[in-house]
Each structure stands twice: as C-alpha cells, then as structure tokens.
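Examination of the molecular architecture
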Amino acid sequence: MKEPVVAYIMSRFPKITETFVLYEILAMREQGVRVEIFPLLRERQPVSHPEAEALVREAHYQPFLSWKILRANAQFLLRRPRRYLGALLSCLRAAWGSWNYWGGTLAIFPQVALHARRMEELGVGHVHAHFVNHPATAALIVRRLTGIPFSFTAHGADLHCETRMLPLKMRECAWALTVSDYNLEFLVRECGEALRPKITVHRCGVDLREFQPRPPHRNDGPVRLLCVGSLEEVKGHRTLIEACRLLTERGLDWRCDLVGDGPLRAELGEAIESAGLAGRMRLLGTQPRPRVRELLQQADVAVLPSVLTAEGKREGIPVALMEALACRVPVVSSRLSGIPELVVHEETGLLAEPRDGRGLAEQLARLAASPELRQRLGEAGRRLVGLQFDLEKNARRLAQRFSAQSRAGRPEVGAGEALQAATESTV
C-alpha cells in the first residue's frame, strides 16, 4: 500500500517555540508518512532550529490574497457553489460573537480555498491541524470544500482562551487529539459526553536519541538553574525572579539562565536589575535546539513556574520540561493544567502553586540542598518520559492512525455534497 499523504496545517511555520510541530513532522516522515506542510503564515525569526530549513523550502506558503487565490475561489464557486457558499456561511455563523474567530475565518478563507485545491492535486487523504483555533478552522474549511477528513491536536491556550466554534469542530472532525487528560476532560465538558470516544490523549514527545542523560556533576559551586520558555506572562518569569531573590536572602549560591525571547524581555530585564540579581541571572535570548541541549547538560535544575493569565491562557504540558527530564535534570514547575501529569510531585519533580514565589523558592532550595533528591527525581523523570513522552513511540502510533484513515478513504463526492446540503439547510 502506498504511503499515506497527510497535510499539516499550523498558524505559523517554523516557529521556534513550537518545536513539537517541527519534530512531529520529521518523526512522521521517518514512519513513512508523506507530510505536506500548509502554514497560514510564514514565520520569520532571527534564530531557527537547523532541521527547519529544508522544510521551509517545501512548505506551501501563500499570502492572504493573490490572483492565484482569487482564481481558486472562483473555481470552487463555479464548480461547487453549494459547498463553497455553505462552508463560508456556516463557518462565519459559528464564529459570530467573536471578532477573533469571525475576522480570522474571513481572513483565511480565500487562502484556505487555494490550499484545499492544492491538497486535492497532491492526493492528500487526511488533514491534521496543530491547534484547535485558526488551524482547525482551516481544516474544517478544507473538509467542507473537498470532503477530506480532518483531525486536530489541542494544546493549551488555543483550547482554553476561547471555545468559539469548538463544538462544531468536534462534531465534524474524524477524531481529535489533545496533550493531557486535563484537556480531554475540558473538551468533554465543553462539547458533551457523547463526543468523548472521538478524543485521544496524545502526548507531545521528545527525541530521546538527542536528549541524553547528562554526565555526573560535581556538587561544589553554585547551583545552576535553567528556565527555557518564551518571555511572556504565562511562563511565570516574575515568580521565578521573586523566588531567586528569596534564595539569595537564604544565602544560597546559585546562577540562573533564561532561554527565550518575547514581549516581556525589557520588563524582565528591569525586574532582574531591581531585585539586585543582574550578576546571577542572565537573559540568553532565543537559542537553537543544540544550544538548549548543551545548557541542559550543564544544569542542576530546570524550572518553569507557569501561571494562568487573566485571559485564561495556560500551558498544555511544556516540551521544555520533557527535554529536561529526558536529560535526567530534575524539574520544578507549577501545579497547573496538565503539568502534574508529567511532573508528578515528589516522584518525577517538584511542584509549587502558580505565582507563589515563596513556595517556588522552597522547592528550589530543597533541590539545591540535596544532590540525592536531584538524582532520584531526574532518574524517575527520564523513565516517565521514556514511557509516555517518547517522540518515536508516539509518532509510530500516530502514523498507524493516519494509515488506517488512508485505508478507510474519504466519502465520495456525492456523499460529501449530501452532507453539505444537510449542513446548509441549517444556515
């Protein structure tokens, strides 16, 4: 049987903070799945992971509007008018009440029509969207225009900040993936118990061949802390700065490197200065994966004190924590969202309450004082990552699912038009 052809849709590509998308695509290809990449936007950034370069050259980038896009929309309108108009009107109706979703749907619809035509030309048998917001909307539009079935992976903020259109996407997708049990229960609460069988927890993974256990460390010298995450509120850097200030008050000798960039860089730099920590805490900016791996090999503790924002933004399960545990680096994080499914308190890491600087300092101090505890938690963390968060194993299971979908095929055009007609009657 020929290899399945799967189209991946994401908002931006390649986005350095979304390594899980890049490496899942590469892992899918290792499993014999032909993946075609359809980003909604081309991400331009000063630093990227080296593996992304080849994929950028082949990705199907398109602007929001062009003569080619207008021609594709005209062809759908002339050849499949009921499908085209029904897709547009029903998606806009479902998005009504949210400018983010309504405006976003209107903005991407013309581009997605061209993507849909190209997918048909390439023989795509299934569409998978990373993130349940605009990428899953795009996958839904492709489904309405062509009949190609779709699925999505729901992560964190894409799921929790706004649930507009979520029930529609759940009803129409072939199946849905999400990264945590916490998210699965959220989906069921929002969309109904009847849709539970459609949802599977599928962990993001880490390449255990790349992230190997660090060599034994000497126990003298400052405790080396590492925080990897974009510089935005949800990552909780202000809580970390407060915790580090308290560690200094306790007389502990420590150093902390912050890897990442983002809108809060200037503010966090000022906060570090104000706390008197400039000599101990460094902002290293965005780093490619080889450098992150190198920093993990040098670290004693990885820390990521994630928080819930006023807008409802929260983490799924941060890949940065998986990478640390894969290197047997013990971690401290927040008791929030799906994080405790990876960082099991006192077993594979330590947890503090979100925004609790004193509690975070207490957990960091415990690890600083006990090399034995660091070793025990790091070893247990590596075992858990190997069992549940191994990229290769998880990619194999997903590839099997794509292959099964490919064998099942998609509805015939007539069946798809009947489904569309039934949908249009409610618009």
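Right, let's walk through the structure included here.

Reading the values: rules and limits
- Residues numbered from 1 in each chain as written.
- Predicted model: local features only at pLDDT ≥ 70, side-chain atom pairs only at ≥ 80, totals over all residues.
- Heavy atoms only, no water.
- Buried < 20%, exposed > 50% of the residue type's maximum accessible area, 1.4 Å probe, protein only.
- Helix = DSSP H or I, 4+ residues; strand = E, 2+ residues; numbered from the N terminus.
- Pairing = 2+ DSSP bridges.
- Right-handed = clockwise from strand over helix to strand, strands pointing away.
- Contact = heavy atoms within 4.5 Å.
- Salt bridge = Lys/Arg side-chain N within 4 Å of Asp/Glu carboxyl O.
- Phe/Tyr/Trp six-rings, centres within 6.5 Å; stacked < 30°, edge-to-face > 60°.

**Comments concerning the pairing of strand β3 (residues 126-130)**
Burial analysis of β3 places five of its five residues in the buried class, the great majority of the element. Side chains of β3 alternate between two faces, with H126, H128 and H130 and V127 and A129 buried alike. Relative to β3, strand β1 (residues 5-13) is paired through four bridges, and the arrangement is parallel. Bridge pairing links Y8 to H128 in β3. Both β3 and strand β4 (residues 150-154) contribute to a ladder of four bridges, which runs parallel. Bridge assignment links H128 to a residue of β4, and that residue is S151. Handedness of the crossover is the feature at issue here: the chain leaves β3, passes through helix α6 (residues 134-146), returns alongside β4, and the resulting connection is right-handed.

**A look at the side chain of T239**
Tracing the chain through its elements places T239 in helix α10 (residues 237-249). Those residues in contact with T239 that lie beyond four places of it in its chain are P305, V307, R355, D356, G357 and L360.

**A short note on the pattern of salt bridges**
Scanning all chains against the criterion turns up 32 salt bridges. In this structure, the salt-bridge partner of E43 is R12, at a minimum N-O distance of 3.2 Å. Residue E43 is located in the loop between β2 (34-42) and α2 (52-58), and its partner R12 is located in strand β1; the two are separated by 31 residues in the primary sequence. As a salt-bridge pair, R80 and E120 come within 3.2 Å of each other at their nearest N and O atoms. Note that R80 is positioned in the loop between α3 (67-79) and α4 (81-95) and E120 in helix α5 (residues 99-122), a separation of 40 residues in sequence. Each of E30, D207 and R209 takes part in a single network of salt bridges with overlapping partners.

**Topic: the packing of aromatic side chains**
In this description, an aromatic ring pair is defined by two values, namely the gap between the centres and the angle between the planes. Under the criterion given, the structure shown has six aromatic pairs. Where Y8 meets F402, the ring centres are 6.3 Å apart and the plane angle is 70°; that geometry is what we call edge-to-face. Within this pair, whereas Y8 is found in strand β1, its partner F402 is found in helix α16 (residues 391-408), the two being separated by 394 residues in sequence. Neither Y8 nor F402 differs from the other in exposure class; each is buried. Between Y84 and F109, the aromatic rings sit 5.4 Å apart at their centres with planes inclined by 80°, giving edge-to-face as the arrangement. Within this pair, whereas Y84 is found in helix α4, its partner F109 is found in helix α5, the two being separated by 25 residues in sequence. Y84 sits in the buried class, given a relative accessible area of 11%.

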